[in-house]
Amino acid sequence: MTDLTVISAARATLPDTPFAARHLIDGVWCDSADGATFDRVSPSHGHVVTKAAKGGAKDVAHAIEAARLAFDAGTWSRSSGKDRAALLLKVADLIDRECERIAMMETLESGKPISQAKAEIEGAADLWRYAAALARTMHGESHNTLGDNMLGVVLKEPIGVVSIITPWNFPFLIVSQKLPFALAAGCTAVVKPSEMTPATTVILGELLVEAGLPAGVVNIVLGYGEPVGTAMTTDSRVDMVTFTGSTGVGKAIVKAAAATLKKVSLELGGKNPQVIFPDADLNSAVDAVVFGVYFNAGECCNSGSRILVHEDIAEDFIARTVALSRDVPFGDPLDPDTKVGAIITPQHQEKIDSYVKEAAKSGAQVRLGGAPLSVAGLDGQFYQPTVVADVTRDMPIAREEVFGPVLSVLTFSSLEEAISLVNDAEYGLSAGVWSENVHTCLEFALRAQAGTVWTNTWMDGYAELPFGGVKESGQGRELGRYGLDEFLEAKTVTMRIGRTRAPWVQPRTD
Ligand code: NAD
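Residues numbered from 1 in each chain as written. Predicted model: local features only at pLDDT ≥ 70, side-chain atom pairs only at ≥ 80, totals over all residues. Heavy atoms only, no water.

A.B. asks: How should the environment of Gly468 be read in this particular structure?
C.D. replies: You can see Gly468 is positioned in the loop between strand S24 (452-455) and strand S25 (470-471). Separated by 40 residues in sequence, Gly468 and Gly428 have C-alpha atoms that sit 9.0 Å apart. Sequence-distant contacts of Gly468, that is, excluding residues within four places in its chain, are made with Glu267, Leu429, Gly451, Thr452, Gly476 and Arg477. (Helix = DSSP H or I, 4+ residues; strand = E, 2+ residues; numbered from the N terminus. Contact = heavy atoms within 4.5 Å.)

Shown next as structure tokens:
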């Protein structure tokens, strides 16, 4: 353990008092109807950093009512693209202005490094700007080839009231992958952030109010999956649920939403492979593997948590990966040099550890790490960079989301075998290939079952490019034009010009 790069407690000052998070309902900041609250303890420092209102059935019902009335009133849903775009751009500017404050709360609640939190907030502002562009350029289609005297028009209309439920791993980014697109479409929303990370969504609410969003268009209810999340997925006044989180909860939401046949869009888990061929640029590949697995402490839907290495280079590649892993700075997320911070909860830390222990028992080799990491001066939970080799395709560590800084290494001998290993998975979020041979890369891209394929890179994302999963990684897409389409319904208007329709029935003349 001594040869790891560990960053001890930074001399940063934590806020004296916890962030006070309240619901935003119909334009008013409020406590829960029953006065209940809950605390969020920082995973890195063990301090209470947020005290939040704990929503109950009455609070959600009130928020849904406000969103429904706001939608039906049309103040937002029938506003012009120009006006919507102007507001979204204002919010983006306010996010930039508050970047430091939002990033600090994101780090305190989630344990992620402050430098990465800042980058996440900057990326989120970009999504608000991109959605503003979509708001102004959104349009339907027209058909003037339906025959003489006919014209068809397809209108794009907002789907209605949207429930937005988000996880703790990228709280500000993920709400920004959904909310500005829903608003650009003309929808109204009820938003529930994870109970682990409520603060930054509340700050976003403050910015929406400051930007002048009409009351009731965006409502925020804080609290747990039960009862807040479940009410948001069952209430008949909600038209659509967009959820990012675990596959288990995603399945529960599909069932819950079935009774009222809401549209459901899901961004779920992944067990994402990077495949390394002997002819790859191995320096870049090792760096991308280390980035892919340790970024956000591996608590990332896109974590490159399993690699498939060609057997001819496997030993060398593992040795290089282990060596570079030792250089990754793990430790206090408030230090600007830290690249990997804390694990979200003690329970999650135990889950990560149990995957590694179970794999070791089944014959896998722990080449690095495999235990909690102590960071001088901090009370939170951290996990060592961990590389597990000799993993086989049936082991849970090869198939399930560990959601920690743990790399599983498998080997292959041919492209055919690599593709079979990649596709032998319940998940299908993302996959990557490393080779200097364009034919290898293209064949891989065509045959890998995944929503995103990266060739000779990993985890690059752009507002313009859709993101989402196949199989048990989800349904629907975010970002790009597809991300706007999720929140739109198509309405067909079929028009006849003049009285040109031959009568169906000839009136009797006798
Ligand atoms: P989670 O499923 O435990 O919780 C996500 C959200 O759902 C939280 O707000 C939670 O309170 C709420 N919730 C819980 N039970 C609910 C219910 N029955 N009905 C409605 N809402 C409910 O997920 P998490 O632990 O917060 O996040 C980690 C998971 O998210 C991982 O599986 C990860 O892969 C996934 N994720 C996916 C993407 C993606 O884009 N595909 C991105 C980030 C995270």
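A.B. asks: It is not clear to me how the packing of aromatic side chains should be interpreted in this structure. Could you clarify?
C.D. replies: Ring pairs (aromatic) are described by centroid distance and by the angle formed between their planes. For the structure on display, the rule yields eight aromatic pairs. Taking 6.1 Å as the distance between ring centres and 50° as the angle between the ring planes, the aromatic pair formed by Tyr130 and Phe181 counts as tilted. Here the residue Tyr130 occupies a position in helix H4 (residues 114-137), and Phe181 occupies one in helix H5 (residues 171-185), the gap between them amounting to 51 residues. A residue is classified by how much of its surface remains accessible, and Tyr130, at 16% relative accessible area, is buried. Looking at Phe181, the relative accessible area reads 0%, which means it is buried. The interplanar angle of 50° and the centroid separation of 5.4 Å between the aromatic rings of Phe291 and Phe295 together place this pair among those described as tilted. (Phe/Tyr/Trp six-rings, centres within 6.5 Å; stacked < 30°, edge-to-face > 60°. Buried < 20%, exposed > 50% of the residue type's maximum accessible area, 1.4 Å probe, protein only.)

A.B. asks: Explain the sheet that holds S24 here, please?
C.D. replies: Backbone-to-backbone hydrogen bonds join strands into a sheet, with any given pair of strands oriented parallel or antiparallel. The strand order across the open sheet built from seven strands is S17-S20-S21-S15-S14-S23-S24, with neighbouring strands paired in mixed fashion. Either end of the sheet is taken by a strand with one partner, and the two such strands are strand S17 (365-368) and S24. The mean angle between the axes of side-by-side strands here comes to 25°, regardless of whether they run parallel or antiparallel. Inspection of the sheet shows strand S20 (residues 386-389) paired to strand S21 (residues 406-412) by three bridges, in the parallel sense. Paired with Val388 across the bridge in S21 is Ser408. Set on the sheet, helix H10 (residues 314-326) makes contact with strand S14 (273-276), strand S15 (306-310), S17, S20 and S21; between it and S17 the angle comes to about 50°. The strands touched by helix H11 (residues 346-361) are S17, S20 and S21; relative to S20, the strand with the most contacts, the crossing angle is about 25°. (Pairing = 2+ DSSP bridges. Axes fitted to C-alpha atoms, helices over the stretch in contact; angles between N-to-C directions.)

A.B. asks: What exactly am I supposed to notice about the pattern of salt bridges here?
C.D. replies: Where charged atoms of side chains with opposite charge meet at close range, the side chains can pair. Under the definition given, this model contains 30 salt bridges. For Asp39, the salt bridge is made with Lys51, and the minimal N-O distance between the two is 2.8 Å. Of this pair, Asp39 sits in strand S5 (residues 37-41) while Lys51 sits in strand S6 (residues 48-53), and the two are 12 residues apart along the sequence. Using a relative accessible area of 39% as the deciding quantity, one classes Asp39 as partly exposed. Residue class for Lys51 comes out partly exposed when judged on its relative accessible area of 41%. Where Asp72 meets Arg68, a salt bridge forms, and the shortest distance between an N and an O atom there is 3.0 Å. Of this pair, Asp72 and Arg68 both sit in helix H1 (residues 57-73), four residues apart, which is roughly one turn of the helix. Of the residues examined, Arg68 reaches a relative accessible area of 17% and is grouped as buried. Within this structure, Arg97, Glu98, Arg101, Glu206 and Glu210 form a network of salt bridges that share partners. (Salt bridge = Lys/Arg side-chain N within 4 Å of Asp/Glu carboxyl O.)

A.B. asks: I'm lost on the layout of surface pockets in this one. Help?
C.D. replies: Empty pockets left among the atoms are what a rolling probe the size of a water molecule brings to light. Approximately 910 Å³ is the volume found for the largest pocket. Looking at the lining of the largest pocket, the elements that each hand over two or more residues are H4, H5 and S24. Sorting elements by how many residues they give to the lining of the largest pocket places H4 first, with seven residues. Broken down by class, the residue content of the lining of the largest pocket amounts to 17 nonpolar, 10 polar and six charged. Lining the lining of the largest pocket are residues from two domains, each supplying at least three of them: domain 1 (14-268 + 473-492) and domain 2 (273-455). Approximately 790 Å³ is the volume found for the second largest pocket. Looking at the lining of the second largest pocket, the elements with two or more residues in it are helix H7 (225-234), strand S12 (240-244), helix H8 (247-258) and H11. (1 Å grid on protein atoms, 1.4 Å probe; cavity = no way out; pocket = protein on both sides within 12 Å on 5 of 7 lines; lining within 4 Å. Points joined across faces, edges and corners; volume = space filled by probe spheres on them. Nonpolar A, V, L, I, M, F, W, Y, C, P; charged D, E, K, R; others polar. Domains from an automatic or database assignment.)

A.B. asks: What should I look at first to understand the domain arrangement of the chain in this one?
C.D. replies: When the parts of a complex come together, some accessible area is lost, and that lost area is often taken as the interface size. Looking at the assigned domains, one finds that the chain contains domain 1 (14-268 + 473-492) and domain 2 (273-455). Centre-to-centre, using C-alpha coordinates, domain 1 lies 31 Å away from domain 2. Each side of the interface is counted separately: domain 1 has 24 residues, and domain 2 has 28 residues. With both sides pooled, the region where domain 1 packs onto domain 2 buries about 2,100 Å², and carbon together with sulfur makes up 61% of that total. On the domain 1 side of the contact with domain 2, His45, Trp168 and Ser473 bury the most area, a combined 25% of that side's loss. Remark: the boundary between domain 1 and domain 2 carries zero salt bridges. (Buried area = accessible area lost by both parts, 1.4 Å probe.)

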